[in-house]
Protein chains: 2
Amino acid sequence: MFQPIFMKEAIELSRKNISDGKGGPFAALIVRSGKVIASGTNVVTSTNDPTAHAEIVAIREACRVLHSFQLDGCEVYTTCEPCPMCLGALYWARPNKVYFGNARDDAARIGFDDLFIYEEMEHAFAERKIPMVQMMREEALTVFREWEAKQDKVRY
Amino acid sequence: MFQPIFMKEAIELSRKNISDGKGGPFAALIVRSGKVIASGTNVVTSTNDPTAHAEIVAIREACRVLHSFQLDGCEVYTTCEPCPMCLGALYWARPNKVYFGNARDDAARIGFDDLFIYEEMEHAFAERKIPMVQMMREEALTVFREWEAKQDKVRY
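Described below are features of the structure shown in this document. (Residues numbered from 1 in each chain as written. Chains lettered and ligands numbered in written order. Predicted model: local features only at pLDDT ≥ 70, side-chain atom pairs only at ≥ 80, totals over all residues. Heavy atoms only, no water.)

## A closer look at the environment of Met121 of chain B
Basically, it comes down to this: Under the DSSP-based scheme used, a helix requires at least four consecutive residues in state H or I and a strand at least two consecutive residues in state E, with every element numbered from the N terminus. In this description, contact between two residues means that some pair of their heavy atoms is separated by no more than 4.5 Å.
Along the chain, Met121 of chain B falls in the loop between helix 6 (114-120) and strand 5 (132-134). When neighbours within four sequence positions are excluded, Met121 of chain B is seen to be in contact with Pro84, Leu87, Tyr118 and Met121 of chain A together with Pro84 and Arg128 of chain B.

## A short note on the pairing of strand 3 (residues 74-80) of chain B
All names here are of chain B. Inclusion rule: The cut-offs for exposure are 20% and 50% of the maximum accessible area for each residue type, with area from a 1.4 Å probe on protein chains only; residues under the lower value are buried, those over the upper are exposed, and the others partly exposed. At least two bridges found by DSSP between two strands are what make those strands a pair. Clockwise travel from the first strand over the helix to the second, with the strands pointing away from the viewer, marks a crossover as right-handed.
Burial runs high along strand 3: 7 of the 7 residues are buried. The pairing of strand 1 (residues 27-32) with strand 3 spans 5 bridges and is antiparallel. Bridge pairing in strand 3 places Arg32 opposite Cys74. Traced from strand 3 through helix 4 (residues 84-93) to strand 4 (residues 97-102), the parallel crossover comes out right-handed.

## Considerations on the packing of aromatic side chains
Selection criterion: Stacked, edge-to-face and tilted are the three classes for Phe, Tyr and Trp ring pairs, Trp counted by its six-membered ring, which pair at centre distances within 6.5 Å; planes under 30 degrees apart are stacked, over 60 edge-to-face, the rest tilted.
Overall, the coordinates contain 24 aromatic pairs over all chains when judged by the stated rule. When the ring of Phe6 of chain A is compared with that of Tyr77 of chain A, the centres are 5.4 Å apart and the planes differ by 65 degrees; the resulting orientation is edge-to-face. Of this pair, Phe6 of chain A sits in helix 1 (residues 4-19) while Tyr77 of chain A sits in strand 3 (residues 74-80), and the two are 71 residues apart along the sequence. Judged by relative accessible area, Phe6 of chain A falls into the buried class, the value being 9%. Ring centres of Phe112 of chain A and Trp147 of chain B lie 5.7 Å apart, and the angle between their planes is 40 degrees; this geometry places the pair in the tilted category. Of this pair, Phe112 of chain A sits in the loop between helix 5 (104-109) and helix 6 (114-120) while Trp147 of chain B sits in helix 7 (residues 137-149), on two different chains.

## Structural notes on the environment of Ala52 of chain A
Mapping Ala52 of chain A onto the fold places it in the loop between helix 2 (44-47) and helix 3 (54-66). Between the C-alpha atoms of Ala52 of chain A and Cys86 of chain A, which are 34 residues apart in sequence, the distance is 9.7 Å.

## With respect to the sheet that holds strand 2 (residues 35-41) of chain A
Applicable threshold: Axis lines are fitted to C-alpha atoms, over the contacting stretch for helices. Their N-to-C directions set the angle, which ranges from 0 to 180 degrees.
In space, the 5 strands of this open sheet follow the order 2(A)-1(A)-3(A)-4(A)-5(B), with mixed pairing throughout. Each of the sheet's edge strands pairs with one partner strand only, and the pair in question is strand 2 of chain A together with strand 5 of chain B. Taken over all neighbouring pairs, the strand axes of this sheet differ in orientation by 20 degrees on average, direction set aside. Across the sheet, helix 3 of chain A lies against strand 1 (27-32), strand 2 and strand 3 of chain A, angled at about 140 degrees from strand 2 of chain A, the strand it touches most. The strands touched by helix 7 of chain B within the sheet are strand 3 and strand 4 (97-102) of chain A together with strand 5 of chain B, with strand 4 of chain A carrying the most contacts at an inclination of about 55 degrees.

## Side note on the layout of surface pockets
Spelled out, the test is: A pocket, in this scheme, is an open set of points on a 1 Å grid over the protein atoms alone with protein on both sides within 12 Å along at least 5 of 7 lines, while a cavity is a set where a 1.4 Å probe fits but cannot get out; residues line either one if an atom lies within 4 Å of a point. Grid points are joined across faces, edges and corners, and a volume is the space filled by probe spheres set on the points.
The space that makes up the largest pocket amounts to roughly 180 Å³. Forming the boundary of the largest pocket are Arg104, Tyr118, Met121 and Glu122 of chain A together with Arg104, Tyr118, Met121 and Glu122 of chain B.

## Section: the interface of chain B and chain A
Counted only if it meets this: In short, buried area is how much 1.4 Å probe accessible area vanishes from two parts on joining, totalled over both. Any Lys or Arg side-chain nitrogen found within 4 Å of a carboxyl oxygen on Asp or Glu counts as a salt bridge. Under the rule applied, a polar contact is a pair of N or O atoms within 3.5 Å (in protein, one hydrogen donor and one hydrogen acceptor; residues adjacent in sequence only if both atoms are side-chain atoms).
Each partner contributes to the interface: chain B provides 89 residues, whereas chain A provides 89 residues. Contact between chain B and chain A buries roughly 8,200 Å² in total, counting both sides, with carbon and sulfur atoms accounting for 68%. By the criterion of area lost to chain A, the three top residues of chain B are Tyr91, Trp92 and Phe144 of chain B, representing 11% of everything that side buries. Linking chain B with chain A are 10 salt bridges. When the shortest N-O distance is used, the salt bridge between Arg60 of chain B and Asp49 of chain A registers 2.8 Å. At the surface where chain B touches chain A, the tally comes to 34 residue pairs in polar contact (both at pLDDT 80 or more).

## Some words on the sheet that holds strand 4 of chain B
Read from one edge of the open sheet, 5 strands run 5(A)-4(B)-3(B)-1(B)-2(B), paired in mixed fashion. Edge positions in the sheet fall to strand 5 (132-134) of chain A together with strand 2 (35-41) of chain B, since each has one partner strand and no second. Here the strands of the sheet are splayed against their neighbours by 20 degrees on average, with no regard to which way each runs. The sheet contacts of helix 7 (residues 137-149) of chain A involve strand 5 of chain A together with strand 3 and strand 4 of chain B, and relative to strand 4 of chain B the element is tilted by about 55 degrees.

## A look at the environment of Met135 of chain B
Structurally, Met135 of chain B is set in the loop between strand 5 and helix 7. Not counting residues up to four positions away in its chain, the partners in contact with Met135 of chain B are Phe2, Met7, Tyr99, Phe100 and Gly101 of chain A.

Given below as structure tokens:
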């Protein structure tokens, strides 16, 4: 169930993140059994890591705490609708629910690419701003077949 | 320009990754001025990090090497079409071009959620397998306004 206190805490973290000069105005919390088990803020520019969005930082920290690559039973509070990278990360981490404050349009209005990236994903590979070309599929596919045949694999 | 030798190297890395038991059958290389500056493989299950896909690992390493949060002048070779998380990360890192081997359907056929996540992104928030709910937008928006007004911010 949504708890306003956690969203308030995330919003305060995002405010502190910009006054501390650590990165963009974003923060996220991971909550389990009514307790915050991890938090993250956007530290892209201060750590030279373009993947260091609030949700990614929080997910990595929560998984470290839980010794698991899955966020079973967790809820995520994030101050902005996750960008495609963070939404993808959430799907791989599989929490129960995600609460968000600002929308992708709000992020676009203050200069972030979230909306642009969502739009790019709908374009054909060759028409994207970062062109993508498929090459050597047959050779790459041999390793997928080896994975399929592997008996002792750890699925996720 | 596409260099088959780099895709071959990425494919071999992905093969070694599964025989070493480190994670899924995926690897990526970042190439700049004809040289590999970073590589990554999928280490999700061996590091308990759901974000540790090959591209994310390679991007983080390349940015560490370049002391930059942008992959200017770089090309990415990845053994599989990036999932939404990794595609998003690539857009934030902004390399010049991406070459990929297997497609999202190939990944789906051996049990990975790439295709499923692409499909989920097209659904309304409430209809997603991981439900998403917008809450307290007005309060969250105050921090976006503070970001807009901030004079000394580092954009990305």
